[in-house]
Structures are given as structure tokens and as C-alpha cells.
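Below are the chains, spelled out letter by letter.
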Amino acid sequence: MARIWLTAGFFALLITPSFAAPSHAAHMTLATLLRKHIHAVEVTPGALSRVAPTETVYAIHAGGLTGSLTEWDDPPKRSRVEMQLGPLHQTLADNGKTAWQQDASGNVRILRGAELAAARAASAISIENYDLIKKSKKGEVTLRPKRDAATGDYILDVAPRGGSKQVLYLDPKTYLVTKMVASQGGLAGTINILAYKTFDGQKTPSKLQIQYAGLPLLVNASLVRAQRVARLDPTLFAVPKSTTDCAFLDSADGDEAIVPVTIPHGEIVFDVEVNGHPLHLMLDSGAGADFITADAADAAGLKSTPALFAFGYGGATATGIAGHATIDIGGKVRLSDQNLYVIKDPRVAKLLGTWGIDGSLGYDLLARLTVSIDYAHNSLTLTRPSSYIAQTTN
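Below is a short write-up of the structure. Since we're looking at a predicted model, the values are computed, not measured.

1. A few points about the overall build of the protein
The secondary structure content of the protein amounts to six helices and 24 strands. The burial tally for the protein puts 46% of its 394 residues in the buried class. About 19200 Å² of surface is accessible on the protein, with carbon and sulfur atoms providing 53% of the total.

Here it is in C-alpha cells:
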């Protein structure tokens, strides 16, 4: 159950219960509630204790796009979650030694430090394996003294050690999880479980609705299949090579190129061509994806998907996704087959237009090249990481 949240944020857990009651004290101990929950999940006695590799596939629909969400779980330490939604294709995996993430354009990033600890913590504890006597070192589960005022659901706080807290709601009639609320990457989400199916002797969520706070976007997921397998191919969990979609256009530059920039209004702006059409983009070191305005996308001949929403510290805005973009930076460096988010909010486009900016480059550039900013000479130096030598002073 814990990995449903990991799958969803990368989406977030959860059913409108069939039983509603006014809010009362829980009138039940945590031990009794967990026992009733395990009895409800475990259709065949001992099913939860059977350990074997599994493959679970959901069909997903969001913002007019369709795709799939596939999870491979190979206890005790190996897992892989892969999402395909329209032009987006993302993978999060852990082989027990190394955890990694691959984005839609093929770049591979290794998870380290607090991010790695949080990812592993979220999948390490569940209410099905929590030991009240030993008080699991992997985290703590507590039962709130009051039930939900609207539904009568029991409310559990699950706090993985080193990870983000999750709130679970249990139906007082079926004792199955009906809802989970959690945050990932600063974005709060709720998953409602609308139905369950029995798989290999235990109840498995079969119909989910996922929604994020402040975003009018609903993600629907339906179980396609869930099966135990004799063995999972180890290459599923092996760290892949990053894509080779970045090239220096002038052989004389070798593995380093200098691109002139202007700095109006404090923003670093440089010339690019997107599919051969000249545009002006700014460098955004905090952006997790690259974007252009709808007018710029039209001018470059890019077709975008139906409306989705992009979320950042400044709020949310309507966006689509355009794939197969070729971006030439200053006539020096080419990024091939890129996904660009297309900002459809006219207010954002108007603001950028007043600065003569058509969009931004961020993560997709910084993930591939070392970027050095020279404010004195108004330039960016783009270097292949394997050839970069850090410049230091006293």
C-alpha cells in the first residue's frame, strides 16, 4: 500500500466509504483496528506473509491523456515504478544498492542523501507489517482519538522514519483503507480508493482517483492486472545509461562552448532555435522542466497535448506538453528530441513578453552540461561534465 503513494507523485492514496457516522472517539485500540484491517485485506489466511516478486499494471487517465503505471516489486529491496502518460515517460527504481530516476528525455539521476532516505522510508513501513510490541524502527503508526466528522472513518498517522508523514483513513465497516493524504515535493495529494479486487488471496486497490491540492486535475487509475511471477529480470533494476541527446555543433569547440547572454531585469537570456525557429529563452536553475509560451510553440510548429497543470513555488498554471523538439543553443549546442511544457496562461505569456522572453531552460540543460555563468563578460560556458575542471580561488 505504501508504494501506491510513491508511484503517484513521481503521483500521491484512496474510497468514498459506504458507511458514514458522526464524529466520535475512536472507541477502538490501534492493535484491534490493525488486526481487523489485516483480516479484511487477507482473504486467504497467510496471504500477506507470502513473499514473491510481483508485477502490477494500472491504466491511467489525466487531462485528456492516457497511459499506464507499472510496478515491479522484488522483495526485500528491489523495486521499479514506470509511468507513461502521453509523451511523458518516467521511471523510479531501486536495486537495493542504488536508487535512480530516469526522466522523459532519458536523463538518469542517482538518488542520494535525504532524498534517497525518504524514498526508501516511504516503502519500508505499512500498517500491514507494523509491530506494536517492537515499535518498528522504520517508523510509527498512531490512531487519532477522534474519527472523521463526515464519514466516521478511523484516522491513522503513519510516520516513516526519515520520510514524509502519510494520513490513512479506514472504513469503519469494511476496515479497508479508503483514503490517504500525503505530500511529495511540496505538493499535497489525496488518493481515493473507489474499489478493490482480490489478487492472490488479498485485497488490492483496483480503482483510484488522485487529486492534488489547488490543482483542478484528476488522475484516474484502473487495475489492469496484478500477478506474482517466478522471477523478475535483474536488468529491470539496473541503472541505465543516460541518453546521448546532447551534442556540440562545432567540432572546434570540443566539449566546451561559450554562448553570449543578455541580462535584462536580472534574468539570464540567450538566443536559441526551436525546430529552426528563433526564440529567446532564460536560464532558470530552479526549473524541473523546460517551457515555452503557446505563441512560441505555434511559431515553432509544435503541437501540444490537452491542458495539464504545472506546479511551482509561484503557484499553478495551465500547460500542455510538446514533444520531439530540437533546441539549438546559441548555434553551439543541440538538445534533441526534448519535451517542452507549453504555457497556456495568457497572463504568464504577457509578463514574459514584456521582457522579450519566450520561455526558459532549466533541468534538461543543467542535467546534461556543466553551466558556468560569467556576469562580467555576459556569457555562459557549457561544458560536458567529463571534461569540466572546476576553477577555484583562495
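2. Points about the pattern of salt bridges
Where charged atoms from two side chains of opposite charge come close, those side chains can pair. What the rule picks out here adds up to 12 salt bridges. The partner of Asp94 in a salt bridge is Arg120, and the shortest N-O contact between them spans 2.7 Å. Here Arg120 lies in helix α3 (residues 113-124) and Asp94 lies in strand β4 (residues 88-94), a separation of 26 residues in the sequence. The class of Asp94 is buried, set by a relative accessible area of 10%.

3. Some points on the environment of Val371
Mapped onto the fold, Val371 is located in strand β23 (residues 370-374). Between the C-alpha atom of Val371 and that of Ser285, which follows or precedes it by 86 residues, the distance is 9.8 Å. Excluding anything up to four places from it in sequence, Val371 contacts Leu283, Leu365, Leu366, Leu380, Thr381 and Leu382.

4. Digging into the nonpolar core
Ranked by size, the top nonpolar core spans 44 residues in total, and within it Leu33, Ile127, Val141, Leu156 and Leu170 carry the most contacts. With near-sequence residues (within four places) excluded, Val141 lies in contact with Leu30, Ile125, Ile127, Tyr130, Leu156, Asp157 and Val158. Listed in part, the 31 residues of the second largest apolar core include Phe270, Leu281, Ala325 and Leu340.

5. What to know about the pairing of strand β5 (residues 99-102)
Consecutive residues of a regular strand have side chains that alternate between opposite faces of the sheet. Where β4 meets β5, four bridges bridge the pair, whose relative direction is antiparallel. Bridged to Ala93 within β5 is Trp100. The turn joining β4 and β5, which pair antiparallel and follow one another in sequence, is formed by four residues; a positive phi near 95° is taken by Gly96. In terms of strand pairing, β5 meets strand β6 (residues 108-110) through three bridges, oriented antiparallel. Looking across to β6, one finds that Trp100 is bridged to Ile110.

What counts and what doesn't
Residues numbered from 1 in each chain as written. Predicted model: local features only at pLDDT ≥ 70, side-chain atom pairs only at ≥ 80, totals over all residues. Heavy atoms only, no water. Helix = DSSP H or I, 4+ residues; strand = E, 2+ residues; numbered from the N terminus. Buried < 20%, exposed > 50% of the residue type's maximum accessible area, 1.4 Å probe, protein only. Areas by Shrake-Rupley, 256 points an atom, 1.4 Å probe, with all protein chains shown as cover. Salt bridge = Lys/Arg side-chain N within 4 Å of Asp/Glu carboxyl O. Contact = heavy atoms within 4.5 Å. Core = buried A, V, L, I, M, F, W, Y, C linked by side-chain atoms within 4.5 Å. Pairing = 2+ DSSP bridges.

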